[in-house]
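Chain and residue survey
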Amino acid sequence: MFGYIKHLLFCLCRWYRNDNRIILHKQNGKIIECLRYSGLTVSFKGKNSIVEIFEPIKFERRLLANRSKIKISGDNNYICINSTNRSIHNLQVRGMCSNNKLIIGKNFYGMCSIDFCWLDNMVMRIGDDCMFGQDIKFMLGDHHSIYNLATKECINIPRKGIDIGNHVWIARNVRIMKNVTIPCNSVVGAESVVTKEFKEQNCVIAGNPAKIVKTNISWDYANTK
Ligand SMILES: CC(C)(COP(=O)(O)OP(=O)(O)OC[C@H]1O[C@@H](n2cnc3c(N)ncnc32)[C@H](O)[C@@H]1OP(=O)(O)O)[C@@H](O)C(=O)NCCC(=O)NCCS
């Protein structure tokens, strides 16, 4: 009887939430749907969006940092956060458009703010083993258009989403703009503004606009001595 009522309530909530779902993959292989996840606030306004979370995962609230939040107002969006033994704090995802995809790879550590606000059909991928510092922002599009005076053609439409390779360290206060690719094993220096696609792996990329400043490097979590 109790199980039936619980299921009924769940279905009502789902209907109320317009088929938006939070799907949780437990460590024991079970897949369940839930209405919330500890440490993470998810709010939906559109229809048919999915937030998929793989355990183990821990959304932590650090002192002076905001709680992690995913706010989706468009339709058919998909957000996948893979398992990590490190902690995620102050992850902020805003998606006001539709058919967007965000995939965060395994063993992610850190915090960041991702804006999917102004575009449909965008994909953002963060590879495995990435470490992000404070106050990083990803802007998948520009919101306002810049156009050619003669032809009136819009010249700042994003060509693609943002792609962060595996094992990338992005230091604090970095801004990553549309169409950016950061290759595997790279470091992005603090306060940098990255505006284009980089192809060479194992580099330090830094500055505004960011350029390669060091090659043949890698990084790890160890403190510098
Ligand atoms: C990226 C970083 C790790 C590079 O350190 P490094 O390998 O010792 O690099 P160097 O200091 O030797 O700098 C190499 C060149 O890049 C430039 N550079 C380095 N970091 C830069 C940055 N953030 N912005 C602009 N230019 C930068 C240097 O001016 C130097 O230029 P030059 O060769 O023309 O003299 C470091 O600068 C940085 O940003 N650290 C992040 C700190 C941080 O946010 N920590 C919090 C934890 S996430």
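Everything discussed here concerns the structure shown above.
Attention here is on the structure that accompanies the text. Model, not experiment: these values are computed from the prediction.

The rules we used
- Residues numbered from 1 in each chain as written.
- Predicted model: local features only at pLDDT ≥ 70, side-chain atom pairs only at ≥ 80, totals over all residues.
- Helix = DSSP H or I, 4+ residues; strand = E, 2+ residues; numbered from the N terminus.
- Rg over C-alpha atoms; globule rule 2.2 N^0.38 Å.
- Buried ≥ 20, exposed ≤ 12 C-beta atoms within 10 Å, placed from the backbone.
- Contact = placed C-beta atoms within 7 Å.
- Pairing = 2+ DSSP bridges.
- Near = placed C-beta within 6 Å.

Some points on the overall build of the protein chain
Within the protein chain, the regular secondary structure consists of one helix and 21 strands. Relative to a compact globule of 225 residues, whose C-alpha radius of gyration would be 17 Å, the protein chain shows 19 Å and is just as compact. If one aligns the C-alpha atoms of the protein chain with their principal axes, the spans along those axes are about 65 × 55 × 30 Å. Taken over 225 residues, the protein chain has a buried fraction of 30%. Considering only contacts within the protein chain whose residues lie at least 6 apart along the sequence, 36% involve residues at least 24 apart.

Here we look at the pairing of strand 9 (residues 101-104)
Only one face of strand 9 is buried: it carries Leu102 and Ile104, and the other face, with Lys101 and Ile103, is open. Across four bridges, strand 7 (residues 78-81) lies against strand 9 in parallel orientation. Opposite Cys80, over in strand 9, you have Ile103 as the bridge partner. In this sheet, strand 11 (residues 123-126) lies alongside strand 9 in parallel orientation, the contact comprising four bridges. Each residue of the ladder has a partner; that of Ile104, found in strand 11, is Ile126.

A few points about the pairing of strand 1 (residues 21-25)
In this sheet, strand 4 (residues 50-54) lies alongside strand 1 in parallel orientation, the contact comprising five bridges. By the bridge assignment, Ile23 is partnered in strand 4 with Glu52. Relative to strand 2 (residues 31-34), strand 1 runs antiparallel, the two sharing four bridges. Among the inter-strand pairings, Ile23 is bridged to a residue of strand 2, identified as Glu33.

Describing unusual backbone geometry
Cis geometry is adopted by the peptide bond preceding Pro56, which originates at Glu55 and carries an omega value of 0°. Tracing the chain through its elements places Pro56 in the loop between strand 4 and strand 5 (58-59). In this structure, Pro209 follows Asn208 across a cis peptide bond, with omega equal to -5°. Of note, Pro209 is situated in the loop between strand 20 (204-207) and strand 21 (210-214). Of note, Asn48 is a non-glycine position whose phi angle comes to about 55°, a positive value. Note that Asn48 resides in the loop between strand 3 (40-44) and strand 4. Overall, Asn48 belongs to the partly exposed group, with 16 C-beta atoms counted inside 10 Å. Although it is not a glycine, Asn202 adopts a positive phi angle of roughly 55°.

A closer look at the sheet that holds strand 14 (residues 162-164)
Read from one edge of the open sheet, eight strands run 2-1-4-7-9-11-14-17, paired in mixed fashion. A single partner strand is all that each edge strand has here, and the edge strands are strand 2 and strand 17 (181-182).

Quick look at the site of the ligand
Neighbouring the ligand are 13 residues; Gly133, Ala171, Gly189, Ala206 and Val213 lie closest to it. If one sorts the elements of the shell around the ligand by residue count, strand 20 sits on top with three residues.

Some thoughts on the environment of Gln92
Tracing the backbone through its elements, the reader meets Gln92 in strand 8 (residues 87-95). Sequence separation between Gln92 and Asp19 is 73 residues; the distance between their C-alpha atoms is 22 Å. Leaving out residues up to four positions away in the same chain, Gln92 has contacts with Asn66, Lys69 and Ser113.

Here's the deal with the environment of Asn121
Here Asn121 shows up in the loop between strand 10 (109-115) and strand 11. For Asn121, a count of 12 C-beta atoms within 10 Å puts it in the exposed group. Distance from Asn121 to Asp19, taken between C-alpha atoms, is 19 Å for residues 102 residues apart in sequence. Among residues more than four places away in sequence, those in contact with Asn121 are Asn99 and Asn100.

As for the environment of Asn156
Here Asn156 is to be found in the loop between strand 13 (137-139) and strand 14. A sequence separation of 41 residues divides Asn156 from Glu197, and the C-alpha atoms of the two residues are 15 Å apart. Ignoring anything within four residues of it in the chain, the contact list for Asn156 reads Asp142, Ser145 and Ile146.

Coordinates in, geometry out; function isn't part of it.
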